[in-house]
Structures are given as structure tokens and as C-alpha cells.
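Read off the chains here:
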Amino acid sequence: METQRKSSGDDGGGERGLLHTWKGYSCSVTPERLLLPRPVLQVALGARHGVLLVEGGQVYSFGELPWKQSQVPEPAKPTLESALSGQRVVAVAAGSFHSGAVTEDGGIHMWGDNGAGQCGLSGLSTVPNPTPVALVDSDTSPPQTLPVLELACGEKHTLALSVQREVWAWGSGCQLGLNASVFPVWKPQKVEHLVGRCVLQVACGASHSLALVRCLGPQDIHRPPVDKCRQCNQLLYTMTDKEDHVIISDSHYCPLGVELTEDEGMLEAPAPTPGLKTSPSEPVLPSHTSTTNSDSPAAPSKSADPSSGPSPTQDSEKGESALANGVLPSSDSDPAAQTKDGSGAVSVVKSSLYPDEQAVKDYLKKLSDNTQTDAKMTAGGLHSLLPSAGGLTSTPSSTLNHLVASCASAVGERVASTYEALSLKKMMNFYLPSGVSRSGGLAGTVPGVGDNTTERVRQEDSMQGKKSSSTGDIREEEAEGLRRRLSLPGLLSQGRYAVHLLSSSYALLLSPRLLRKAGRPRMRAVALTPLGGAVPEAQEVLPTLQTEVWSWGHGEHGQLGHGDNLARLQPLCIKSLNNKEVVRVAAGAHHSLAVTAQSQVFSWGSNSSGQLGHMESPSTVPRLAKLSDGIRVWDVSAGERHTLLLADGDCIQPIIYYSGQQVKEGEEESQAKEPGQGEGGEEEEERAGGYTPQPVLLPFCMNLGYVSSVFAGGRRCVALSDRNVMGFIASLHELAAAERKFYCKLCNVKTQIIRPLLELESLSSALGQVTLGLLQTLAGRFSLLCHLTGQHAASLTANLRRGRDVKSLLILDHAGIFLDSYNEYCSSLGNFQVMAGFQALTKPSLDFFGKSPELLQRLSECSEENPTMADLLVALFYLPTRHLHEYGRLLLKLATCFEVCSNDYQKLQDSCSKFEALTLKLKRKRKEAEYTFHFWKSFPGKMTDSLRKPHRRLICESSNKALTLQNAGRFSVNWFILFNDALVHAQFSTHHVFPLATLWVEPIPEENTGIHGLKVITPEETFTLLASSAMEKTKWLRSINQAVDQALSGAGQDSTSVGSGSSGQKLEPPTSRTASYTFYKDGRLKEATYEGRWLNGKPNGRGVLKWPDGRIYTGEFKNGLEDGFGEFVAPNKTLNKNDHYQGQWKDGKMHGLGTYRYASGEVYDGSFQDGMRHGHGMLRSGKLNTSSPSVFIGQWLQDKKTGYGVFDDITKGEKYMGMWQDHLRQGTGVVVTQFGLYYEGAFKDNKMMGTGILLSEDDTTYEGEFSDDWTLNGKGVLTMANGDYLEGSFGGEWGTGLKVTGSYFKPHLFDTDKDKTHTVKLGRLCVCAEDKWQAVFEECWSQLGCESSGQGENWKAWENIAVALTTSRRQIQDSPEILSRSHSRTLESLEVIPQHVGPITMERYHTIRLYLIKACDTPLHPLGRLVETLVAVYRMTYVGVGANRRLLPQAVNEIKSYLNRIFQIVRFLFPDLPEEGGLIPEPTANAEDKKEPDATDAPLESPKPGRVVSSSALLLPVLLPRLYPPLFTLYALDKEREDDVYWECVLRLNKQPDLALLAFLGVQQKFWPVNVPVSVPAAGEKQQVLSSTKDACFASAVETLQQISTTFTPSDKLQVIQLTFEEITQEVQSLLKQDFLWSMDDLFPVFLYVVLRARIRNLGSEVSLIEDLMDPCVQHGEHGIMFTTLKACYYQIQHEKIT
């Protein structure tokens, strides 16, 4: 007794995890306290022993431990399992005679009796100490050991739940769920049938197993479809229907025993196996008798014997036995009903056993008339009509097809066709809600229609499990045929659903998805059970409530819950527990328990000692245990013949109920029997000691403290409790209990009020479409909230059971989920209220709940006397918001248990304040909703109806004349209403709505005018409002500003404060904001929608403007107009494509640079002004359009080609370079063709007209009058290639026969004037270089801020450059992919402006030069842009057809003109730079030496005092490399003949060895690199070697000279020549061993040798290029002389063969 007394009082070691144990139940039982050094975390009880897990991960055993070698004398005392000492154990389990433990890393240790292999260790009959066992997954390679989460042990088997949430089993018996033929199974094996499902918990009875499995949600749909039976690998027919993957051959019967059939009849007909198949037309049919277990405990179990109905013929070959009880009402319903209806059923069976259409109709009618029959009856009847209603399948989604398939297979083909013949619509109408009024037959099935007590609903729920069902095996061909039949329109379109609906025993609690699919117009489907988690992210965080319970093993006591006593070899889902939200399962020896989120307990199995807590004995389907109202069970445990329930009562402290066998202890026998035990099972109870048929409260539980979990096993009971230290434990319990209570409350409201209301037929007519939608949203949100609460309650319960700490309180870390759910719920509630939803609901509710709304009053906790129905509903729907305050209170209570400075305190405090804040906010929202509702109520009318929107809330209105319009007429009525999203200005008959997002309001200062004015600005109107007083003015100003601010912050939908001055004076909202607006006034923007940035009523900043006709502008705005960079798309109706512009805008028009892609395929790239092409631009006519492809680049004037331009007509192969006017060629110009024709001269009206010169490829020339393209007409001279010429009048087109009237001249052979006149002629009649591309330069000047060239301020130009660079950089930061890294570096270096005023020194000259090189490198700098454009036009001109040798002089002049004009700009930017040819003084003499000969440097002069400034020195290095390819091509074409002669000579002479060539060229002997003073024989050898060597002499000089082809500018080329000379000199000096001064006679032959050996192919072109573009100041210097030498060599080589 000592130990027992201890339990009630003093400190027995610690405050947590105190262990109390007792046996049975009687008044005198007192628990005994087991003392342990540390708090106990978990207990597991076997038949006669127990295992304890204490803090720190140690394990103790107590009780009888026969497997230990040395039997402990005192069995009760816990002994430490030392074999586990090194491990940290996290969970323990005990079977009848063996135990297991799971360690922290997921390892398993087993010990105890191993006779049936239940310890997983082969070869041992007992395992004395914990021994490791591994789960090895052999599917992976290499095989992996899987960590384990939890274990469950039965009598002869063990189950483990792996981290992958898969079940593994070992031991003996069918309860393993494995396909084992030999037992025991020593090695843990995976239960294949549950693979791919997420198993949450496992439990083991003596010989059965349970698993709690998460339903397959949408996230699992993507699993690969099963097309083979996992056991026997027989192919299954599958098909995919939208999102469901359905197995059609679901009734495939796996020989390994996927499922034994659920019908007793199966025992008589042999189980169909593939061996027994008959021909396809005669399916093997099991007969279908109903289950033997009658539901009524009083009825003898014989009542359901086959003899009670017409006995079915067992003639399965003919396949006709099916219908005998196909129409029999199932005997699940009570026998009375059966006999009453049985006769009817029998009469249907006429000569044939198949029903004809009439018979089925009659039967249906019978059902529908029989309104009074219990709901069970209807359900049963349905099931027997479609024999396979409950067929159990592998995936929930396939149930539907399964029904149809097994239905057809069982009943046979002829019935299927009869079904088709039946109008299934009639069936549907009868079973779907829309048919209620017609048939009246559903009164029984709708919960609460006939009678709204919860009991009825519960009873109905418990009936759901009892479905008689069968599975037939169809052969494959059979399935094929079936699929064909199913696809007939009659059956599949409505049939699948009809059959499904018929089979659904709760016809109205249908899955909303199905209803939606059935797509019937008047069906309302509201997802009252959300399919995912409450909120997307809640999915992972919170425990799931969508669960199923699967059971397998022995079923002789009904402990599997499938409605029969058969064993199951493989896991099978207990259908009746679907949608029950089971959160925990437990198994006793022969009974099973399930606790739901709603704190109810379902029990089934053996009830020999009343352990099920209800009177059914035994129960083969789950039923609710009988507990008085308000008792919420949250933990259960089951022993051999008893059940322990841990529940919430009225106080915070948990209470314990006991149900089951009493334990006899001598004097306690005489105890009074429990009331109600008399009738039932007294005689069945042979054992001494009575039992409790219903759960009874254990009186001592209040002394145990706060019990956190209960355990039962064998005959023992254990409770773990905590002391309430600092109030923390009590607060945790209170929080969890409050949440459970709240969840039950919400579920009641949902099932008893919301669902019935939504299903009312009269609802849509009473509410109207909008309000109905709002109600459905509201119900959906309510449902989500309800679900979230359930998940949270489950999570809190789990926390009580295991951790009891603050860390695992989800409401702290994930408060957002809760706050959002409540916020959304309240928004939809407010919306419904504002739209007078509750008033509209009054009538349907009155009809439904009757004049006595007790149920409503009870659920809504409404305290008023005689409230109206609307008030009741409002109170009911606002009920959840009260719970927020409860959260706040309980979190605060928890917080007070901690130190103020601790983290936990902070967390709890923060969460508490969040909930409190939300409570206030929601109260305010409720007030707003009510205020708004009353406003609409007091101002009915058309106008207010049109303004009434669900989310709209009233803030204030001026019906009291507080606000009037300035300058309004005397009789006008102006009424202003401010909502949370708009300001409404209402007049007599019209009203205008101004959205708040685009509303600006500012007070008008009152300069003693006494007028209290507010100025209101909207995008299209501005008006002044006058307030009646200063106070009104500030009120309105503040209200509008606050409303605008909240509308902008996006909270407009949710929260506005009705003039809540408490929040302090708010500053006015920003004048610049982002908003969307549709223009309504006439004008350019009529009906266009703008979305983007605003400033004071005008679009300003980035935005998008869309017109209804499809035009869209995206880009910058300024002061209401497009301004800056933007994109514009305009649809072209005729071509059905879009015009697309991208570029600069100004004042609403295209202005500046841009690209316009026309729908026709043309692309214009260039300048715009006032929306027209103006300035320099390029127009490409693409390949896409039908007209010929062409390119024009040049000047535009007001959308027309005017000025200088180049037009390349690609199809004709002609290129025109000249003047234009109004799209026509007009003025002077040049045309070249791909056939080598060249024309220069006058054009008029797009034709060659006037004087011109025409040259053909072979130099035949005509000079004279033209009248049309290539058409000669008038006086002229025609000169042949050989110099003969004709003079006179010509007519006709060139290339056809010309008509000539004139004289023919043949000049003397020695008359060479011809050449001169020739060269003089060309170039006279074309546009001079300075007139070309003026628009390009003008654009550059205007970018620098000058009117025309040179007219402007230098500082302003620099400012413009800086602006251009920064805006471009900003644009590029938005899309960094445009620029390379080096490019952005260039940009950064350009931000430093070089000093541009003051005397220029050499140093400054260099900085300027570097600056120009960089500036010209990036198109973002005006100079760079200019260079880029010039390069583009130059290439456009001289590439392709333009590569005509006659254009060379023009090309050279064009470059020179570029240099001059760019140099002008440079001198404008750097005004102190000397003009062309001016000098910069050198600072010191040695500066010259310091300067390295850089490739881009200006040429080095002979030492002179200073540097000559020239445009070519500064700018050619930038310009020429880019223009070099086209230019050099022209040179090569021009010098082609001379170069060919030169090259032939080079090739010939290069065949000579060095010495021969030196001798031939007359190089003096002393320069021959031979006279090396060596001993004579060696010298002889040397001579030998050299006589035959090639390319050895002066090799370095040759190599240097070859680099001339790799350089671009003349100065660089001259530099190369100079270096070549230096190399030659060095070599000669090393030969002569002394200083040496050249004379030209000595030098020339040596240099000639080097030039020959260098083999430069286009030397003539190089020479000409240098000559043409050489810096004039260099000509007479050293470089000049060297260049002359090179030129002389070139001519010398050409004429070499003559010498």
C-alpha cells in the first residue's frame, strides 16, 4: 500500500513522465506508482511484461521475462536493458511475448520470444537481449539498410514503419500481409500492397494488423499507373480518364489473395482462379449472399441464413445466380424490413432471373414510396441492386470504374444491356438532390431531414460500412467486350456516374468532384472537405486528416472491420472509415480502435468483455463507442480484453475511461453490476469478474495529475502524467482541449447547418446567383478554417502525447497560416453580409429549421431573447472569430510560464499580440460590414443596387449636405459617397464612380475666404468640393486620404478603418503611384486602359496603355503622354499581323531613334520626328513580302525619302547613290549594277534624265543625254575601250541596238590624252563628299545640343553627353544581357570628362586621344553613335554591288570628308585643340623617347619641337579599322591588273635562291651575309650552304615587312616600313661591324630584295591606300622618303622583266 499512497501526493522524483499502473476496474482500484530515476516517455505492454522508455533513451523491462537467462526474483521491478546502453532509443514496442526498440538513427533491436520468427532473427527460439535487426531494401543496388520510424508488435508478428513511410513485416501468419507461402518469415520484408502510399502509423493485434494511411491526394496522381497486378504479374487493363488513372480490370482476382471476397457465398463457390475460367460468354460467378452478421444484437445470428431468402442456385456455369439476391434487400438492414420487402423482391424473379426494365422501375418506385424505411434500408437496398457496391480496389479513384466493371461482370452481359435500355436518367433523377421534390425518397438519407438529432447522423454513419459486395474475375476478352459496352453513350456518359451514385451509401455526402463531373445544371457542389491541406503550405506542416485505415490478418472476431469474419492475406482499406478523419489507430488482442480528429472513437472486433464500448457483439464494422455528449477522446489504448480512453471532460484536466473486463481481486467480486449489463452478455461471460459494457470513468484519474497518454496491454493499464509546474502543463492541455472542442463545434455547424442549407432546393431562387456564389465561397472558407482547426488540434494532441514543449507549437512558427485563414474567412463573411445574404437566407432557414431554431440557438451560442433568424445566422457564422481571442489568451497564459527575457516568452508574446491585433481588425471589419449593410438597406434603389459590390465597404457619405460641389446649379443634387475602393458622385439620375487608386485630393488653402474646399483630381476630371465646416473638411480629407492609401497598399479589399482616428493622423498617400485606369471620355485615349505609374492624375513613368482595338504602348510616360523609350504594337487588320515600333517618344508621338517593323515585313530603323520618319534612317523591305527585297539608307523628311540616300535594289542588282525628293530619285546620283555598268549624272522623277556618263565593264564609255533608265536620247560621245569614239545623236536602250547619227573618230596611237580626259570625267556629276550623310552629322550636333554644326555651348554639349550615357546605362541595368563586361567598363571610364578647357599639352593631347578612342567604342556616346552610323552607311554604300572599282575615288573622298566633319565636332568639344596642321609644343626633348610606338599611336616624326595635330592622326585609328574591308576591296579591284603583273614577277623571282637573287638585283657583295671570317674550309662549307639556301638572308626584315597587311591606318603601315628599314640596317651593321650610313644606291637593291621575299599579294593596293590617306605633314619627312622607296620597289618589280 505504501507505493499506492505515494501517487496522490509528494514529490516522487521529478515533475514529468510519472508512471501509474493498475489492473481492471472497480471502486477500490488505486493505481500504483512505479518509481524510476528519470521521466518516462513511452510505455509498451505485452501479455505479462512491459517495456519503458525513459528520458535519455534508456529502456527498462518489468513483469515476467522468461527469456532472460537468470530469472529475476521480483518480477515487478523494472530492470535496465543494458544491451542498449550505448544507443539512444526513441521508441519502444511490445508484443505478447517479445519487445522491440527503435534507436535515434533508425536502427531496430528485438528481444523476447522468437518461436514464430517475430524477432526477425533466424535460428533462435528466444532472444534474451536486445539484438539489432536490419531492414534491407534489396530493390536498390547495392541493397540499402532503411532507417525506421516506429515499430508495432503482435503475438507472432512485428511491423516496422520505415522512413519512406512503407511497412515492413516479419514473423508468422497472414497478418504479415506478405505473399509468403512458408512461415516463419525471418527476414523483414516489405508489404508490397502498401508501397507508394504514405503510411502514418501501424498497430498490431494478436493476429491482425492495422495501418493508418494518408489518402492519395492530387499530389500523388502522377504516380506511374499500375498495369500489372503486383502479386501475380497478370496484366491489368487500364485507361486514363482526365485526371483519374483507372484500372478497369479491377475485379481481377489475384491468386495470391489481394482480397478475399467479402461474401459468405464465396465459401460455397470455389474461389475463382485462372485455372477455373470458362468460356468468355459464361463468366465465373460467385453467388452473392449477404453477410451473416446481423446488425441487431438481439437477433439470433441465424436470421441471415440463405434459407431466409429465396435460395440462390449455385449454377455458376449458366451465370444466372447473380440476380437472386441482386434485388434482395441486403440483410444488413434489420430483419423486419427485410421480410417486409422480401416478398416484393421475390415477386420480381419471374421466369428469367434477369429483371426486365419494368421490374427495375417497380423496385425503384417501391423504394421511393417506402419513405419511412430507415436510412439503412435504402442504403442496403441499393447495394443489393448493384451487387458489387463496395468492391475494394487498388486506388480510390478507380472505385467508379470498378463498380461498373464488376457490376457488369457479375450480372452478366444481358443485364448490362438491360441497364443500357433503362433510362439511367431516371435513376439519376431519383438519387440526386434535384430529384428530391419528385420522389420524396431521400428523406431517410439526408442527415437531419426526417429528424435532426446527431444520434441519427451517427447511426447513419455507422451503417456506411455494411456493404455486401463481391469481386468476380473477368477474362481479358470479357474486359474488352465490357469496355466496348461501356463506351456506348447511354451507359458511359451518365451511366458511370449513375451507377456510382447508386452505389454510394450516403447519396448526398458525395464527393464534390463527382458531382461537378456529372455536370448537372442544378447541382451545387461546394467543397466542404477540402482536398488538399487547409492552405497550400499547411500541407506539409500540419498533420493530415485525409486518412484511410487498412487492415489485414485473421478476422474471426470481425477485428478487420470489413463486415465479415474472413481473414485477409493483404492490406485492405476499411471503406466505412474513409472521410472519418481518423488520426490514430490502436489494436487490442482481438479488437481494434480508431480515434478521429473529432475526438470520437470507432471500435470493432471482439466484444466479449464489453471492450468495444458499445453493445454490438461482435462488431464486424467500425461503430462509435457510447460516450456521453461533450466527452472528447484524444488517446486510446487496447489490451487483451479492455480499452482505455483518455478524454477531455468539463475541466482542463484529462479524464480516463475504462471499458472491458474487470479483474477479480478477491473481495472486489461482490461489487454491484453496472446498469444495463443484465440483458446482454451475462451468460456469455464464463470468466469470473464482470465487465463494463460501456466506458466508465475511472474515479481516481483526477488524482494522477495531467495525464499525457495511456497504455494498455495484457490485463494491465498504465497512465503517464505530469505535474503542473508553473502552470505550463495545464496551459498546454487547455490549449489542446480548447482546439479539440472548437473543432467539434465547427464540424457540428458544418454538418448540421451549412451542408443542409447548401443542399436546399430553394436556395438559388432565394439568394440569386451572386449571393449564392458568395455563400459557396463562405462555406468553402469555413470548411478550410474547420479543416485547419482539425489539423491543428491533431498536432496539439500529438504534442501532448510525446513532446509537451513550446518548440513544436505550430501556431507560433506558422501563425501566418492561421491569420490568413481567419482573414479570408472574415472577408468572405463580410461580403456575404454586405450583400444582405443573411436576410436572404432567412426564409430557406425557417423552412428548414422550422419555427423553433433551438439547434441554431444552441450552436450559435446566441444569448439574446427571441433573436431573429438572420441574427442567429450572423452570430453562428461569426462564431469562429471568437476563437482568435481564445488563442491570444492561451498563448499569453503559456507565456507567463517563462522568464520575460527568454526566447520562448518572446515568441509566445509576439504570436499572442498578432492574434489580438487580428481580433481587433476583424471586429472593425465586422462593424464596417454592418455599417455598409445598413447603408444599402436605408437607401434602396437602382443606383445603389448597381453600386453594391460584395467587397465594397462604406466609409462616409454626404447625405447630410456636409459636402457639395463648387459652382453647382441651384437645384442640382450632389451626393458624395466614399467607399473603400471608389468615390461616387451621384446626381439626380446619374452617378459617376472615381476609383480611389487614381484619385488625388488636396486641401485648398483658406486665405480668409471662409471656404472649406477640397480639390479632387482624377485622370479625366478635376473638381472642387466644398465642405460645410472646417471639421467636415478635415474629416473628409483624412477619410479620403486614408482610403486612397489603403486602396493603394492592396488592403482595399480587406481593411479600411471607419474614420478610426485612433490610428493617428496619417500622412497623405503618395502623389506618385502605380494604378490601373480605363479612360471614358472621347479623345485619343477613349476606352484605352492604362496600367502603370501616375503622378497627380497623369500617367508618368513606366506603364502600359492598351486600346480596345488591340493597340498597345509599353514604356515611359511623362505628364500623361508617351515620352521616353517605349514599344508600340498596332494590329494591321488587312494583313492580320502587327506593326511594331520600339524606340523614343516625345509628347505622345514617335520622336528620336527607333525601329518600326511594319506588318508588311518592312523594317525602318532610324530617326522619327512628330510620329513621322524624319532624319537619317534605313528602310529594309524584307523577304517576307511580295514586293522585291531592297534596302534604303539615307535622309528622310516628314515620312518621305528626301536628301542624300543609297538604295540597294537586290532583285535588280542595282545600287543608287544620290539625291532624293519625295521618295523619288531627283538630282545627281550614281548607279552601279552587278554586271559592272556604272552611271553618274542627273535624275529626274526617279529616272535617269539629263546629262550623264555611262561606263561598261570593258571601259566603253558614253557621255551625253539620257531620257530614261539606261536609255540614251540626244547628243553624246561614245568612246570604245581602244580609244575610238563616236560623236552625234544617240537613241535606244543600252545593251540593245543603239540608233546613232554622228561621226566616228579613230585617234592616233600616240595620243595619250584619252586617259587624262577619262579620269577627269568621273566624279564630276555625282554628289560631292561633303554633301553626303548630312543628316547623320546634324543628328550628332543636335544630340550635343546645337542648332547646326558648331553653333552652341561647349558646356551644354558635355552635359548632354553625360545625360545620354547615364540614361543609356540605366536602361542597360534593366537588361544586363545587352552589354558585355568590357563594354560596361568602357562606359564607366567615359563618365570621367577630360579637362576640356585650357592650353593643350602633349599629355592632354593623349588623354583626349584615349577619350576619343573609348567614346567611339560605344554607341551610347554621341560620337560612338555617329561613328557606328557612318560605318553602317559606308558599308551599305560600298559592299555588294557597290564594290565597283570606279567608286574608289568617291570612297576615299568620303572618308576624308568624315575625318574633317568629325574633327570639327572634336574641336567643338575641345575648343583649345589647334586646327588641322597646328602644332603642340613638346614639354621636353625626352618625351619623344618615352612614348612607346603603340599600334594606334600617331606617327612618330623626326625630332621636331612639337606635334602636328591632324584629323587623320586623331581619328583614322578609330575610323579606318571599321571601314577597311570595303575600302581595301575597292583598292584591290582598282589595282587588279597592275597587281597581277607584279605578283607574277614576284612568284618567278622567288624561285631563285638567296645568292642568285642578291646577285640578280645587284646588291653589293659587302652586304651579302657571307663574308663571315671563319677558317677557310668552314668558309667553303658556308659558301656551299648559302648557294642553295632560300629565305635566309634578311629574314627578320622580311618578316617585319609582311606585317604591313595586318595594319589598318597609313601611319601604322609607315611605321612597319620604318621598322623594316631599321631591321635591314641592324643586319648590315652586324655584318660590317661598324656604323654605316646608307646611300640610296646601296639601300634600294637590298630593300627590293626584302620586298620580293616578303611576297605581299596586294602591294599595289597598300601603296595606293597609304598614298591617298597619308597625313599631309608626313610627306616630306623620313617616313615620306621610306614610302617613296617602297613605291619605287613596286614599280621596279612590275617592270622587272623588261630590265
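Bear in mind the structure is a predicted one, so any value in this text is a computation, not a measurement.

Asks: I tried to follow the environment of aspartate 871 on my own but got confused; where do I start?
Replies: Among the structural elements, aspartate 871 can be located in helix α22 (residues 869-877). Once the C-alpha coordinates of aspartate 871 and glutamine 839 are considered, the two residues, 32 residues apart in sequence, prove to be 8.9 Å apart.

Asks: Even after reading the chapter, I still don't get the sheet that holds strand β28 (residues 642-648), so can you show me in this structure?
Replies: By definition, the strands of a sheet pair up through backbone hydrogen bonds, in either a parallel or an antiparallel sense. Spatial strand order, β27-β28-β29-β30: four strands in an open sheet with antiparallel pairing. Of all strands in the sheet, those with a lone pairing partner are β27 (632-638) and β30 (691-697), marking the two edges. Strand-to-strand twist across the sheet, computed as the mean angle between neighbouring axes with direction ignored, equals 15°. In this sheet, β28 lies alongside β27 in antiparallel orientation, the contact comprising six bridges. Within β28, the position partnered with valine 633 by the bridge is alanine 647.

Asks: Looking at this model, I keep getting lost on the packing of aromatic side chains. Mind explaining?
Replies: To describe a pair of aromatic rings, you give the distance between the ring centres and the angle between the ring planes. A complete count under the given rule lists 58 aromatic pairs for this structure. Relative to tryptophan 975, the ring of phenylalanine 935 has its centre 6.1 Å away and its plane inclined at 50°; by these criteria the two rings are tilted. Linking phenylalanine 935 in helix α24 (residues 903-938) with tryptophan 975 in strand β35 (residues 975-979), this pair joins segments that are 40 residues apart in sequence. Tryptophan 975 carries the same exposure label as phenylalanine 935, and that label is buried. Relative to tryptophan 1145, the ring of tyrosine 1141 has its centre 5.4 Å away and its plane inclined at 80°; by these criteria the two rings are edge-to-face. Note on accessibility: tyrosine 1141 and tryptophan 1145 belong to one class, buried. The ring of phenylalanine 979 carries arginine 952 above its face, with NZ or CZ at 5.3 Å from the centroid.

Asks: What's the story with the state of the cysteines in this structure? I'm lost.
Replies: Cysteine pairs can be covalently joined through their sulfur atoms, and such a bond is termed a disulfide. Tallying each qualifying case throughout the model produces zero disulfides. Cysteine 153 provides the cysteine sulfur closest to cysteine 119, a residue in no disulfide bond, and the two sulfurs are 7.9 Å apart.

Asks: Whenever I open this one, helix α35 (residues 1511-1534) confuses me. Can you help?
Replies: Side chains that are three or four residues apart share a direction in an α-helix, a result of its 3.6 residues per turn. With 24 residues, α35 extends only 26 Å from end C-alpha to end C-alpha; this falls clearly short of the ideal 34 Å at 1.5 Å per step. Approximately 65° is the largest bend angle found in α35, and it occurs at tyrosine 1524, with the proline proline 1525 only one to four residues beyond. Of all 24 residues in α35, 17 are buried; the element is thus mostly enclosed.

Asks: Even after reading the chapter, I still don't get unusual backbone geometry, so can you show me in this structure?
Replies: Peptide bonds are trans in most cases, and residues, glycine excluded, mostly fall at negative phi. At the junction of phenylalanine 183 and proline 184, the peptide bond is cis and its omega measures out at -10° in the coordinates. With respect to the helices and strands, the residue proline 184 is situated in the loop between β15 (167-171) and β16 (185-190). Phi is positive for aspartate 1147, which is not a glycine, with a value near 50°. Structurally, aspartate 1147 is set in the loop between β46 (1137-1146) and β47 (1149-1157).

Criteria and cut-off values
- Residues numbered from 1 in each chain as written.
- Predicted model: local features only at pLDDT ≥ 70, side-chain atom pairs only at ≥ 80, totals over all residues.
- Heavy atoms only, no water.
- Helix = DSSP H or I, 4+ residues; strand = E, 2+ residues; numbered from the N terminus.
- Pairing = 2+ DSSP bridges.
- Axes fitted to C-alpha atoms, helices over the stretch in contact; angles between N-to-C directions.
- Phe/Tyr/Trp six-rings, centres within 6.5 Å; stacked < 30°, edge-to-face > 60°.
- Buried < 20%, exposed > 50% of the residue type's maximum accessible area, 1.4 Å probe, protein only.
- Lys NZ or Arg CZ within 6 Å of the ring centre and 35° of its normal.
- Disulfide = S-S within 2.5 Å.
- Expected span 1.5 Å × (residues − 1).
- Bend = angle between axes of the 7 residues up to and from the residue.

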